[in-house]
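# Summary of structural features
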Amino acid sequence: MQASRYTFCVLTLLGLASIPASGTDWPRFRGPNGSGIADASGLPADLGDQRNILWKISLPWGHSSPIISGSRIFLTAAEGGEETDAGREKVVDAGGKLVTFSIDRDNGEILWKKAAPRPRMERYEKTNSPASPSPVTDGENVYVFFGDFGLISYTVEGDERWRLPLGPFNNVNGHGSSPILVDDKVILVCDSDTAPYMLAVDKNTGKVIWKTERPETTRSYVTPAVFQPKEGPLEVIVPSAYFLASYSADTGEKLWWVNGGGWQTKSTPIIHGDMIYSNSWEGGGQIPEDGIPTFAEAIKKADKNGDGVMNEEELKIVEPKRKLYLIDLDHDKLVDQRDWEFHRIRRTSKSSLMAVRHGGRGNLTETDHLVWSLEKFLPNVPSPLIYDNVLYLIKDGGILSTLDPQTGEIFKQGRLRKALDKYYASPVGADGKVYMISQLGQATVLKAGAQWEILTSHDFGEEVYATPAIVENRLYIRTRNTLYCLGRQTNP
């Protein structure tokens, strides 16, 4: 199938799902429905050719990815303040503003900048930021989320329409989930170690339409996708810690789920025809030979003071190599039954990429809806990419795999030369090319295909956490301090 034809099919699906999308839009994280593909042509292959840099501008740091509607780019940033070490590889921003930018995509001019309230400063992991969630737009308005405040809506001209404070949140790594638009609703996943939930907000008023508690999960950093079944309501597809689930976009009702996967899920699901692909990678699966005791068994052995929970010293009796803070989800310095049960799940979980055929209700784990799964060669943060009927996975260390999305068969594996570090940005595809950028800013451009080939490599010289955006014949790349607009140079 040709790239343009496949993109047309995806955009047709998005039209059915009432998600704003057009050939000139990249309206949410990873573009239309999070697919990471665009109907574009004339894109540059050589990102190191200075003639292909149409413009670049300096921006405050932040990990949100650029989104685009018409002539405008929207992204968020953290301006000012200093990062301070909060211990255990965490940091907190000691001040500064949370800001939203509107940028002219033709010339890089900053059209407006708006600061959000910041009533608190939650700590985050060193590879995260206080401005990691990407905006979403319907072409008339833009919607942004900051973990240190909540949701805000602006017109494309920068006038504030409404604000909805949310939180505080118990997510020690900070936030990464971006809002999406479905019909007249802004939908946001707010997973954390305590009281996780998902909510839908009226995009016109900021009023909550529904809120669905998700007590069966813990922290995640996922941005959902939308599935339009042949019959029934639109579905919001949400990879979660330890399972993949679908919810009614109308009511928030949980419709079906498939158990499996790791914890701290980060990747966006991919919709491809009637198939859903969900990647979940994180450490786990280290089951001791003598098993992991139940909470009752652990309490019987370790609860010396008889209070029904375990303190740090008591925990060492049953888990001598585990730190309290890794198990104590609510940070009360005690391990209760909920803490322990999620610890047991985490210890027995296995990372996986699941290919699920849509259909059915309830628990589909042991049904033929789970078509295939893969437990090796998986990305940590980057989402999969399906482009021209080839599935791409980029794993830390620059290990690239292409697979048959129907069967999971591996077509080709290899390392990306000059880009052997970690990856946070997700791959994107268009114009017969696939673009990948490592954490250290090493960009690789591939000739798309099952037997992919490296066309060019380029070092941007700055860290990259944001996923590129593609509109028409231009590629937009955000590094730590710079936003680039790249286009193929046709004149000598």
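Before reading further, recall that the structure is shown in the block above.
Definitions and limits used
- Residues numbered from 1 in each chain as written.
- Predicted model: local features only at pLDDT ≥ 70, side-chain atom pairs only at ≥ 80, totals over all residues.
- Heavy atoms only, no water.
- Helix = DSSP H or I, 4+ residues; strand = E, 2+ residues; numbered from the N terminus.
- Rg over C-alpha atoms; globule rule 2.2 N^0.38 Å.
- Buried < 20%, exposed > 50% of the residue type's maximum accessible area, 1.4 Å probe, protein only.
- Contact = heavy atoms within 4.5 Å.
- Core = buried A, V, L, I, M, F, W, Y, C linked by side-chain atoms within 4.5 Å.
- Polar contact = N/O pair within 3.5 Å; in protein donor to acceptor, adjacent residues only side chain to side chain.
- Pairing = 2+ DSSP bridges.
- Axes fitted to C-alpha atoms, helices over the stretch in contact; angles between N-to-C directions.
- Expected span 1.5 Å × (residues − 1).
- Arc of directions from axis to C-beta.

Okay, the overall build of the chain next. Across its full length, the chain holds five helices and 37 strands. Its C-alpha atoms give the chain a radius of gyration of 22 Å, near enough to 23 Å, the size a compact globule of 492 residues would have. By principal-axis analysis of the C-alpha atoms, the chain measures approximately 80 × 50 × 45 Å. The 492 residues of the chain split such that 60% are buried. Taking as baseline every contact in the chain between residues at least 6 positions apart, the subset at least 24 positions apart corresponds to 59%.

Of all hydrophobic cores here, the largest spans 35 residues; its most connected members are Leu47 and Ile470. Top contributing element to this core by residue count: strand β37 (residues 482-487), with four residues. Apart from the residues within four sequence positions on either side, Leu47 is in contact with Tyr435, Ala443, Val445, Thr456, His458, Phe460, Leu475, Ile477 and Leu486. Counting residues in each nonpolar core, the second largest holds 16 residues, with Val182, Ala200, Val222 and Val226 among its members.

Time to look at the side chain of Ser401. Here Ser401 lies in strand β29 (residues 399-403). A polar atom in the side chain of Ser401 sits 3.0 Å from the side chain of Gln413. In this structure Ser401 touches Phe377, Leu391, Tyr392, Leu393, Lys412 and Gln413, once residues within four positions along its chain are discounted.

Within the secondary structure layout, His175 lies in the loop between β13 (160-165) and β14 (180-182). Classification of His175 by relative accessible area gives buried; the value is 6%. Contact partners of His175, with chain neighbours within four places excluded, come to Glu122, Asn128, Ser129, Ser132, Pro133, Phe145, Gly147, Phe169, Asp191 and Tyr221.

Spatial ordering of the open sheet is given by β27-β28-β29-β30, a layout of four strands whose pairing is antiparallel. Two strands lie at the open edges of the sheet, namely β27 (385-387) and β30 (410-415), each paired on one side alone. Direction aside, neighbouring strands of the sheet carry axes that sit 20 degrees apart on average. For β29 and β30, the ladder comprises five bridges, and the chain directions are antiparallel. Opposite Ser401, over in β30, you have Gln413 as the bridge partner.

Below, the discussion takes up the environment of Ser248. One can find Ser248 in strand β20 (residues 243-248). Along the chain, Ser248 and Val236 lie twelve residues apart, while their C-alpha atoms are 6.3 Å from each other. Here Ser248 is in contact with Trp210, Pro233, Leu234, Glu253 and Leu255, once residues within four sequence places are set aside. For Ser248, the side chain forms a polar contact with the main-chain nitrogen of Thr251, separated by 3.3 Å.

Two pairing modes exist for strands in a sheet, parallel and antiparallel, and in both the strands are linked by backbone hydrogen bonds. One open sheet holds the four strands; their spatial order is β22-β23-β24-β26, and the pairing between them is antiparallel. At either end of the open sheet lies a strand with only one pairing partner, and these are β22 (270-272) and β26 (370-374). Across the sheet, the axes of successive neighbouring strands diverge by a mean angle of 20 degrees, strand direction being ignored. Of the strand pairs in this sheet, strand β24 (residues 352-357) and β26 are connected by four bridges, and their pairing is antiparallel. Within β26, the residue paired with Leu353 across the bridge is Leu374.

Right, let's talk about unusual backbone geometry for a bit. Residue Gly167 is joined to Pro168 through a cis peptide bond whose omega torsion reads 5 degrees. Here Pro168 lies in the loop between β13 and β14. The phi dihedral of Lys333 is positive, around 65 degrees, even though this residue is not glycine. In this structure, Glu472 takes a positive phi of about 55 degrees despite not being glycine. The topology assignment puts Glu472 in the loop between β35 (469-471) and β36 (474-478).

Residue placement: Val136 occurs in strand β10 (residues 136-137). Exposure remark for Val136: the relative accessible area of 2% places this residue in the buried category. Taking the C-alpha atoms as reference, Val136 lies 39 Å from Leu334; in sequence the two are 198 residues apart. Excluding its chain neighbours within four sequence positions, the residues that come into contact with Val136 are Pro27, Arg28, Ile67, Asn141, Val142, Tyr143, Pro179, Ile180 and Leu181.

The next thing to look at is the pairing of strand β17 (residues 208-213). Here strand β16 (residues 197-202) pairs with β17 via five bridges, running antiparallel. Note on β17: the bridge partner recorded for Tyr197 is Glu213. Hairpin geometry of β16 and β17 is characterised by an intervening segment of five residues between the two adjacent antiparallel strands and by a positive phi of about 80 degrees at Gly206.

Among the secondary structure elements, Thr223 is positioned in the loop between β17 and β18 (225-227). Residues Thr223 and Thr367 lie 144 residues apart in sequence; the distance between their C-alpha atoms is 26 Å. Those residues within four positions of Thr223 in sequence are excluded, and the remaining contacts are Arg28, Phe29, Gly176, Ser177, Ser178, Ile180, Thr268 and Pro269.

We now examine helix α5 (residues 337-348). For α5, which comprises twelve residues, the first-to-last C-alpha distance of 17 Å matches the rise-based estimate of 16 Å (1.5 Å per residue) to within 8%. Among the residues of α5, Asp339, Trp340, Phe342, His343, Arg346 and Arg347 are the ones counted as buried. Considered in projection along α5, the buried side chains sweep an arc of 165 degrees and stay on one side of the axis. Against α2 (295-302), α3 (312-318) and α4 (324-327) lie the buried residues of α5. For α5, the side-chain oxygen to backbone nitrogen distance between the N-cap and Arg338 is 3.2 Å, and the N-cap itself is Asp336.

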